[in-house]
Amino acid sequence: MILRTLLVVSLIGAFATVAHAEGDPKKGEKVFKKCKACHMVGEGAKNRVGPPLNDLFGRKAGTVEGFKYSKAMKEAGEKGLVWDVKTLDEFLKKPKAVIKKTRMAFVGLKKEKDRANVIAYLKQFSKKAE
């Protein structure tokens, strides 16, 4: 019984990862338009209202040099929050549920597919993408 439960839990985790892996970067670029007012990606990306999102995967939260993060975002990084598919998906779903006092005013992306697509898009700009 325990072995069966572990297998089911493992499969659920694998399917969740597969869902993100199947994100479409082209569709993600369209969804990312919601993010462009505050964030940049790609060559020449720089700080705006939000930090640039190049090399996001594997990066500790609150650590882009020269960007003035909220105390809450810095503390999240200090406590070990590192951006990966799972943490980014949770944050994009509802930012204030992950970091209550983040300055990010964005309410989130409700659709799982939109999040998967944006994550696939952002992976193109990260050396450590999973």
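The structure this text deals with has already been given above.
In this text, all values refer to a predicted model and were calculated from it rather than measured experimentally.

Colleague: Hey, could you run me through a positive patch on the surface in this one?
Modeller: On the surface, a cluster of positive charge is contributed by Lys 27, Lys 30, Lys 33, Lys 36, Lys 46, Arg 48 and Lys 113. Among the structural elements, Lys 27 can be located in helix α2 (residues 25-31).

Colleague: It is not clear to me how the pattern of salt bridges should be interpreted in this structure. Could you clarify?
Modeller: When charged atoms on two side chains of opposite charge get close, those side chains can pair. In this structure the tally under the stated criterion is two salt bridges. In this structure, Asp 55 engages Lys 127 in a salt bridge whose closest nitrogen and oxygen atoms are separated by 3.6 Å. Of this pair, Asp 55 sits in the loop between α2 and α3 (71-78) while Lys 127 sits in the segment after α6 (112-123); the two residues are 72 residues apart in sequence, bridging distant segments of the chain. Using a relative accessible area of 31% as the deciding quantity, one classes Asp 55 as partly exposed. Under the relative-accessibility criterion, Lys 127 is labelled exposed at 75%. Among the ionic pairs, Asp 89 bridges to Arg 115, the shortest N-O distance being 2.7 Å. Here the residue Asp 89 occupies a position in helix α4 (residues 85-93), and Arg 115 occupies one in helix α6, the gap between them amounting to 26 residues. The two residues Asp 89 and Arg 115 agree in class, both being buried.

Colleague: Would you mind showing me how to read α6 here?
Modeller: Two residues of an α-helix separated by three or four positions point the same way, owing to the 3.6 residues in each turn. Taking 1.5 Å of rise per residue, 12 residues should cover 16 Å, and α6 covers 16 Å from first to last C-alpha, within 8% of that figure. Of the residues making up α6, those classed as buried are Asp 114, Arg 115, Ala 116, Asn 117, Val 118, Ile 119, Ala 120, Tyr 121, Leu 122 and Lys 123.

Colleague: In this structure, what is going on with the packing of aromatic side chains? I would like to understand it.
Modeller: The description of two aromatic rings rests on the distance between their centres and on the angle between their planes. Considering all chains together, one arrives at four aromatic pairs under this definition. When the ring of Phe 67 is compared with that of Tyr 69, the centres are 4.7 Å apart and the planes differ by 70°; the resulting orientation is edge-to-face. For the pair Phe 67 and Tyr 69, a shared accessibility class is recorded, and that class is buried. An aromatic cluster of three or more residues is present, and its members are Phe 32, Tyr 121 and Phe 125.

Conventions adopted
- Residues numbered from 1 in each chain as written.
- Predicted model: local features only at pLDDT ≥ 70, side-chain atom pairs only at ≥ 80, totals over all residues.
- Heavy atoms only, no water.
- Patch = residues over 30% accessible without salt bridge, like charges linked within 9 Å, V, L, I, M, F, W, Y side chains within 5 Å.
- Areas by Shrake-Rupley, 256 points an atom, 1.4 Å probe, with all protein chains shown as cover.
- Salt bridge = Lys/Arg side-chain N within 4 Å of Asp/Glu carboxyl O.
- Lys, Arg positive; Asp, Glu negative; His and termini not counted.
- Charge placed at Lys NZ, Arg CZ, Asp CG, Glu CD.
- Helix = DSSP H or I, 4+ residues; strand = E, 2+ residues; numbered from the N terminus.
- Buried < 20%, exposed > 50% of the residue type's maximum accessible area, 1.4 Å probe, protein only.
- Expected span 1.5 Å × (residues − 1).
- Phe/Tyr/Trp six-rings, centres within 6.5 Å; stacked < 30°, edge-to-face > 60°.

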